[in-house]
Amino acid sequence: MGTDLHELLRSLRVWDPAVTALPPLDPAGAPGDPLELFTRWFAEAAAAGEREPHTMSLATSDAEGLPDARVVMLHGADADGWAFATHAGSRKGRHLDARPYAALVFYWPVLGRQVRLRGPVTAAPAEEARADLHARSTGALAAALTGRQSAELGSTDELARASEAAWARAEREPDAPAPSWTLYRLRPDEVEFFQGEARRRHVRLVYRRTGDDGWEQRLLWP
């Protein structure tokens, strides 16, 4: 018997108190720089058991302005921005070449928290991309060496052959180059911290950039 999607949706609940903690967010005590609060929240999500706190949704748009989104991995965050990587010729790479502006969303349900960022995106120098790639696992290098990301694939057998060859090369040449592999940084104009609350009085604290290094804070209605 098939699944009734609407019935299943009505049966689900958000933030089950048996597995979810909803810590308070006091805007008056928030630091002046969003990176400091992000770092704190990231560490708290990992400590609370969030399995993949470093995964995030990346939203881009193509040359015509049509949106797209996918889940990618955070490679770092500092004063230069929040970093992620992909092939320059991939769909998201092409989008960023045409429209170098994007949005990121982190969701950590174990604490009822979201972090949303948006801002311009720039490509890091090629040597930084190489260092980032070669600091990662053999599997990450093998993936970077496999095929043409986002191009049409003839069959899963074709993928298996290319992947086997890429793994063999990655194990044989741990410094093998992947020329199109690109490290991108999103330098946010705006960062929003969302803290869920059991009575739906969610706290939304937004930081907006006021200059090269300055930030202002505002609260938003949930």
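Residues numbered from 1 in each chain as written. Predicted model: local features only at pLDDT ≥ 70, side-chain atom pairs only at ≥ 80, totals over all residues. Heavy atoms only, no water.

J.: Mind showing me how you'd approach the environment of valine 203 here?
T.: Looking at the secondary structure, you find valine 203 in strand β9 (residues 203-209). Sequence spacing of valine 203 and arginine 169 is 34 residues, and the spatial spacing of their C-alpha atoms is 49 Å. Residues contacting valine 203, with those up to four places away along its chain left out, are Leu25, Pro27, Phe193, Phe194, Gln195 and Leu219. (Helix = DSSP H or I, 4+ residues; strand = E, 2+ residues; numbered from the N terminus. Contact = heavy atoms within 4.5 Å.)

J.: Quick question: what am I supposed to make of the side chain of histidine 95 here?
T.: Here histidine 95 shows up in helix α3 (residues 91-98). Given the relative accessible area of 8%, histidine 95 is considered buried. Looking at histidine 95, its side chain comes within polar contact range of the side chain of threonine 60, at 2.8 Å. Excluding anything up to four places from it in sequence, histidine 95 contacts Thr60, Ser61, Asp62, Asp68 and Arg70. (Buried < 20%, exposed > 50% of the residue type's maximum accessible area, 1.4 Å probe, protein only. Polar contact = N/O pair within 3.5 Å; in protein donor to acceptor, adjacent residues only side chain to side chain.)

J.: Sorry, what's going on with the pairing of strand β2 (residues 67-73) here?
T.: Successive residues of a regular strand alternate their side chains across the two faces of the sheet. In this structure, strand β1 (residues 55-61) lies alongside β2, joined through seven bridges in antiparallel fashion. Within β2, the position partnered with serine 57 by the bridge is valine 71. The hairpin turn running from β1 into β2, its antiparallel successor, is five residues long, and glycine 65 in that turn takes a positive phi close to 90 degrees. (Pairing = 2+ DSSP bridges.)

J.: What's the story with the packing of helix α5 (residues 138-145) against helix α6 (residues 156-172) in this structure? I'm lost.
T.: Between two packed helices, the angle of one axis relative to the other and the distance separating the axes together describe the packing. The N-to-C vectors of α5 and α6 enclose an angle of 130 degrees; their axes lie 8 Å apart at closest approach. Taken together, the axis directions place α5 and α6 in an arrangement best described as oblique. For the pair α5 and α6, the crossing hand works out as right-handed. In contact with Thr138, Gly139, Leu141, Ala142 and Leu145 of α5, α6 contributes Ala166, Trp167, Arg169, Ala170 and Glu171. Per-class residue counts for the contact of α5 with α6 are six nonpolar, two polar and two charged. (Axes fitted to C-alpha atoms, helices over the stretch in contact; angles between N-to-C directions. Parallel < 35°, antiparallel > 145°, perpendicular 65-115°, else oblique. Left-handed = near helix turned anticlockwise from the far one by under 90°. Nonpolar A, V, L, I, M, F, W, Y, C, P; charged D, E, K, R; others polar.)

J.: Honestly, the packing of aromatic side chains in this entry has me stumped. Any pointers?
T.: Two aromatic rings, taken as a pair, are described by how far apart their centres are and by the angle between their planes. Counting across every chain of the model gives 11 aromatic pairs. Each ring, one from phenylalanine 38 and one from phenylalanine 42, has its centre 6.0 Å from the other, and the planes form 35 degrees; the classification is tilted. Of this pair, phenylalanine 38 and phenylalanine 42 both sit in helix α2 (residues 34-47), separated by four residues, roughly a single helical turn. Given a relative accessible area of 3%, phenylalanine 38 falls into the buried group. Its relative accessible area of 24% is what places phenylalanine 42 among the partly exposed residues. The ring centre of tryptophan 41 lies 4.1 Å from the NZ or CZ of arginine 113, which sits over that ring. (Phe/Tyr/Trp six-rings, centres within 6.5 Å; stacked < 30°, edge-to-face > 60°. Lys NZ or Arg CZ within 6 Å of the ring centre and 35° of its normal.)

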